[in-house]
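# Chain and residue survey
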Amino acid sequence: MLNKTKTIVCFVICLLSFTSCYRVPNKLEPEFSYVLQDKYIKSLQTSFPPLDEHEKSQEWGKEYHIGVAFAKRLDLYRAVTAFKRSEILVPDADYHRRQEVEYYSILCYYLGNRYEEALDAFEDSNLRIIDTKFPTYHDLLVILYESYVHTEKEEKAKKVLHIIQKQFPETARQLILSTAITTAELKGMNKKSYNKETNSDVAYLLKDYNKDKKSIATAQGLNALLPGAGYLYVGQKQSALTAFLLNGLFIAAAVHFFTHGHTAAGIIVTSFESGWYFGGIYGAGEAAKLYNERLYEDKAITTLNNNSLFPIFTLRYGF
């Protein structure tokens, strides 16, 4: 009997050494899927001169006209298709019109949240070498900055932001604060000065979030003490009940097998229970993190909308 007990103890120790309760990161990773501000985009005027009669009669001009018509309706897929055809057809000598078409393609990709395609289109365009006289120079910088942020190209985003800070400081302040909010840079967020009203809203956002958020450590600790308690702490009643019943069932089965001398069966059931137990602790931490992210998103989206902080609101021109 003593040997059996030693075997069980050794097995459990080994199991615990190989079964790790991974630490859940406390960094928020919010996802903002906001609806494109159609009314705002449609209110913006183009910065490019209209096509003359000769240009309208050309094949490239017809495609350009079609692309603009689709873009104004925010039918971005069809707009890009037309602009791509126009880009192929426009004469090489008509350099400025070619740049316009290339920019419109980039803008369509950006408005459609297709940031990687926007950057690819930029890299393949003649817009890589432009000066400050380009009519939509400001907007192109904004598009590049946000696209680099979303594609996690931090160094390139910093370089573009540096240019914006030197030439368009007001836009830079808005972009810095917007990025801090959308990436949940909580520690430095209240230090991003913008204006009195916005700063007040940001301070309220932080205070309100900190008041209602759940502790990841608490969720994991509760689930370690009583399987399911961590899920209940974050409001997931169904998951809490499931975790409690499954762990209870496996623990009862393991005790039954060990007390009746079925050591092998007890070890197998204990290994299953170990997975449920430690997995439940990790899962409770993940549940708390998810709860905090949804909570933060709900509060942050209000601040972003009320203060027009989304980068799209810094655009000055449309189609």
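Thresholds, definitions, all that
- Counting from 1, residues in each chain are numbered in the order their sequence is written.
- For this predicted model, a pLDDT threshold of at least 70 governs which residues receive local features, and a threshold of 80 or more governs which side-chain atom pairs are given and counted, while totals over whole chains, interfaces and linings are taken from all residues.
- Values reported for side chains reflect all heavy atoms of the structure, with hydrogen atoms and water molecules removed beforehand.
- In DSSP terms, a helix is any run of H or I states spanning at least four residues, a strand is any run of E spanning at least two, and both are numbered starting from the N terminus.
- To sort residues, take the accessible area from a 1.4 Å probe on protein chains only and compare it with the maximum for the residue type: under 20% means buried, over 50% means exposed, and anything in between is partly exposed.
- Regarding the arc, it is the one traced by the directions from the helix axis to the C-beta atoms.
- A 3.5 Å cut-off defines polar contacts: any pair of N or O atoms within that distance qualifies, except that in protein one atom must be a possible hydrogen donor and the other a possible acceptor, and neighbouring residues in sequence count only when both atoms are side-chain atoms.
- To get an axis, fit a line to the C-alpha atoms, keeping to the stretch in contact for a helix; angles then go from 0 to 180 degrees between the N-to-C directions.
- For this classification, under 35 degrees means roughly parallel, over 145 means roughly antiparallel, 65 to 115 means roughly perpendicular, and everything else is oblique.
- Less than a right angle of anticlockwise turn of the near helix away from the far helix marks a crossing as left-handed, whereas a clockwise turn marks it as right-handed.
- Residues count as neighbours in contact if any of their non-hydrogen atoms are within 4.5 Å of one another.
- Nonpolar residues are Ala, Val, Leu, Ile, Met, Phe, Trp, Tyr, Cys and Pro. Charged residues are Asp, Glu, Lys and Arg, and all others, Gly as well, are polar.
- Salt bridge criterion: a side-chain nitrogen from Lys or Arg within 4 Å of a carboxyl oxygen from Asp or Glu.
- pLDDT gives the predictor's per-residue confidence on a scale running from 0 to 100.

### Re the environment of Leu-74
Note on placement: Leu-74 falls in the loop between helix H4 (59-72) and helix H5 (76-89). A residue is classified by how much of its surface remains accessible, and Leu-74, at 15% relative accessible area, is buried. Sequence-wise, Leu-74 and Gly-112 are 38 residues apart; in three dimensions their C-alpha atoms are separated by 8.9 Å.

### Regarding helix H13 (residues 216-225)
Looking at H13, one finds that the buried residues are Ile-216, Ala-219, Gln-220 and Asn-223. Projection of H13 onto a plane perpendicular to its axis shows the buried side chains occupying an angular sector of 95 degrees, all on one side. In H13, those exposed residues whose orientation departs by more than 90 degrees from the buried face are Ala-217 and Leu-225. Its side-chain oxygen placed 3.4 Å from the backbone nitrogen of Ala-217, Ser-215 serves as the N-cap of H13.

### So, the packing of helix H6 (residues 95-111) against helix H8 (residues 137-150)
For the pair H6 and H8, interaxial distance at closest approach is 11 Å and the crossing angle is 40 degrees. Comparing the axis directions of H6 and H8 gives the class oblique. The handedness of the crossing between H6 and H8 is left-handed. Here Tyr-103, Ile-106, Leu-107 and Tyr-110 of H6 lie close against H8, whose contacting residues are Asp-139, Leu-140, Val-142, Ile-143, Glu-146 and Ser-147. By residue class, the composition of the contact of H6 with H8 is 7 nonpolar, 1 polar and 2 charged.

### Topic: the side chain of Thr-314
Looking at the secondary structure, you find Thr-314 in the segment after helix H16 (263-306). Polar contacts involving the side chain of Thr-314 include one to the main-chain carbonyl oxygen of Pro-311, which spans 2.6 Å. Leave out the neighbours within four places in its chain, and Thr-314 touches Tyr-40, His-138, Asp-139, Val-142, Thr-171, Gln-174 and Leu-175.

### Overview of the pattern of salt bridges
Taken as a whole and assessed by the stated rule, the structure comprises 18 salt bridges. Note that Asp-208 is salt-bridged to Lys-299, the shortest N-O span being 2.7 Å. Taken together, the residues span a long stretch of sequence, with Asp-208 in helix H12 (residues 196-212) and Lys-299 in helix H16 at a distance of 91 residues. Measuring nitrogen to oxygen at the nearest pair gives 3.8 Å for the salt bridge that ties Glu-293 to Arg-294. Since its relative accessible area comes to 37%, Arg-294 is described here as partly exposed.

### A closer look at the side chain of Thr-151
Among the secondary structure elements, Thr-151 is positioned in the loop between H8 and helix H9 (154-167). Of note is the side chain of Thr-151, whose polar atom sits 3.4 Å from the backbone oxygen of Tyr-148. Leaving out residues up to four positions away in the same chain, Thr-151 has contacts with Tyr-115, Glu-116 and Leu-119.

### Focus: the confidence of the model for the protein
Looking at the protein, the pLDDT average stands at 86 and 90% of residues meet or exceed 70. Between residues 14-21, whose pLDDT stays under 50, and residues either more than four places distant or in other chains, the model counts 10 contacts.

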